[in-house]
Amino acid sequence: MQEAQQKITTLTDALSGVIQGNRDSIEVLIIAMLSNGSVLMQDVPGVGKTTLAKAVAKAIDVEFHRVQFTPDLLPADILGSSIYNPNEGTFRFRPGPVFCHVLLADEINRASPRTQSALLEAMSEMHATIEGVQHDLPSPFLVLATQNPVEFHGTYPLPEAQLDRFLVQLELGYPDADTEVKILHAQALEHPIERLAPVLSKDEVIAYQAMVRNVRVDESISRYIVNIIQETRDESRLKLGVSPRGSLMLFRASQAAAFVAGRDFVLPDDVQRLAPHVLAHRLIMTPKAKYSGASADEMVAEILQRVKVPS
C-alpha cells in the first residue's frame, strides 16, 4: 500500500508538471482510472483537456487513440469493421480506435446519438460487439470524453443513459494569472509532455485496480452513500435522481480515494470529496429549478449538508 501510494504521488506530480494548477482534478482522474471508470471533461477549448489525456497515456506507458467526434462519424469508425480481402476471398476484422488503453473521445456531443451510443458497451462492460461477435478490450481501459459547454451549434446533448456511464465529470477551468505565467515559461522551448517519462506500467495499474476493490468499506459508510443517493431521489427540484449505478460508482470512487490516500479503509471524507464529481452530472433538474438559477453542484452540496455523517 505504501509503495503504491508513493508511485501514485509520483504520477500525480508528473501530470501536474504538464497541466499546471489542476492537481485536484488530476487526482480525481487518477481515482477514476483506479476505479476502472470513465471521465467526462466539460470545459472551454484550450485549457489542456487533450494534453491531459495524452499525458496520462504516456505516464502509464500504454496505447493512446484520439477520435474527433463529428456529425458524420459512424459507429464503425469507432468500433471497427470487417474488410474484404479479394485475394483470399475472406473478410478480416480491422479493429477501430476503441481498441486501445486510453481513448480520447474529443467533443463527443458533436456526433449523432447513434454514434455516441457505440461507446456505451465499451464503457460499461470492457468489450465491444461488432457484427455479432464480442471482442474484449485491452486492460486497463480508460475513456476520456470532452465536450464544450459553450458552443451548442451542431451538437447533440448526451442522453441520461450515457451520462450515467461516466464515473466522474471534471472541469479544468482557466488557470490563475500566476499559474498562466508559469505555463508560458514552461512551454518556451518545448512542451513539458515531451519530457514526460513513464511512471507506472499497465500491469501496475491493473494490480492497483484489483487492490482498490479490497479497500474496506464499513456498513455505516455504505449506508451513508445510500442515504445521499436517496436524498437525490426525494429532492423536489430534481426530475431524476441518481441510479443504483451511480451509488455503486460513488462506492468504487471512495475506495480508490482511500487507496490513493494510503489507507485500506474508507472514511466519510472520501465520500464527501468524490460526491460532487460522481453525482452532479447524473442529476436532472426540473425546468422550474433550472430557470431559477439552481445548479447540480449546489444541490449536491446541500444534500451533503443535510445527510447525517456517520461517526
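Report follows, based on the coordinates. (Residues numbered from 1 in each chain as written. Predicted model: local features only at pLDDT ≥ 70, side-chain atom pairs only at ≥ 80, totals over all residues. Heavy atoms only, no water.)

Some words on the sheet that holds strand β8 (residues 142-147)
The strand order across the open sheet built from five strands is β2-β5-β8-β1-β9, with neighbouring strands paired in parallel fashion. Looking along the sheet, the strands with just one partner apiece sit at the ends: β2 (64-68) and β9 (168-170). Adjacent strand axes in the sheet meet at a mean angle of 20°, parallel and antiparallel pairs treated alike. Sheet analysis places β2 next to strand β5 (residues 102-106), joined by five bridges and oriented parallel. Opposite Val67, over in β5, you have Ala105 as the bridge partner. Packed on one face of the sheet, helix α2 (residues 23-34) meets β1 (39-42), β8 and β9 and runs near 155° to β9. (Pairing = 2+ DSSP bridges. Helix = DSSP H or I, 4+ residues; strand = E, 2+ residues; numbered from the N terminus. Axes fitted to C-alpha atoms, helices over the stretch in contact; angles between N-to-C directions. Contact = heavy atoms within 4.5 Å.)

Some remarks on unusual backbone geometry
Of note, the bond from Ser139 into Pro140 is cis; its omega dihedral lies within 30 degrees of zero at 0°. Within the fold, Pro140 resides in the loop between β7 (133-136) and β8. The backbone phi angle of Met126 is positive, close to 60°, even though this residue is not glycine. With respect to the helices and strands, the residue Met126 is situated in the loop between α6 (120-125) and β6 (127-130).

Considering the packing of aromatic side chains
Under the counting rule described, the total for this entry stands at three aromatic pairs. Measuring from ring centre to ring centre gives 5.1 Å for Tyr84 and Phe91, while their planes differ by 55°; the resulting arrangement is tilted. Given a relative accessible area of 46%, Tyr84 falls into the partly exposed group. Here Tyr208 and Phe259 contribute two aromatic rings whose centre-to-centre distance is 5.8 Å and whose plane-to-plane angle is 50°, an arrangement assigned as tilted. Highlighted residues: Tyr208 in helix α9 (residues 202-213) and Phe259 in helix α11 (residues 244-260), separated in sequence by 51 residues. Using a relative accessible area of 7% as the deciding quantity, one classes Tyr208 as buried. Taking NZ or CZ as reference, Arg263 lies 5.7 Å from the ring centre of Phe265, over its face. (Phe/Tyr/Trp six-rings, centres within 6.5 Å; stacked < 30°, edge-to-face > 60°. Buried < 20%, exposed > 50% of the residue type's maximum accessible area, 1.4 Å probe, protein only. Lys NZ or Arg CZ within 6 Å of the ring centre and 35° of its normal.)

Section: the packing of α9 against α11
Orientation of α9 relative to α11, taken along the N-to-C sense of each, is 110°, at an axis distance of 9 Å. Relative to α11, the element α9 lies roughly perpendicular. Judged by the sense of rotation from one axis to the other, the crossing of α9 with α11 is right-handed. Judged by residue contacts, Tyr208, Met211, Val212 and Arg213 of α9 engage Arg252, Gln255, Ala256 and Phe259 from α11. Looking at the contact of α9 with α11, its residues break down into five nonpolar, one polar and two charged. (Parallel < 35°, antiparallel > 145°, perpendicular 65-115°, else oblique. Left-handed = near helix turned anticlockwise from the far one by under 90°. Nonpolar A, V, L, I, M, F, W, Y, C, P; charged D, E, K, R; others polar.)

Describing the pairing of β7
Bridge analysis of β6 against β7 gives four bridges, and the strand direction is antiparallel. The residue of β7 that forms the bridge with Ile130 is Val133. Between the antiparallel neighbours β6 and β7 lie two residues, among them Glu131 with a positive phi of about 55°.

Things to note about helix α3 (residues 49-59)
The complete set of buried residues in α3 reads Lys49, Leu52, Ala53, Ala55, Val56, Ala57 and Ala59. At its buried positions, α3 is contacted by α1 (2-18), α2, β1, β2, β5 and β8. Asp61 lies just past α3 and shows a positive phi near 55°.

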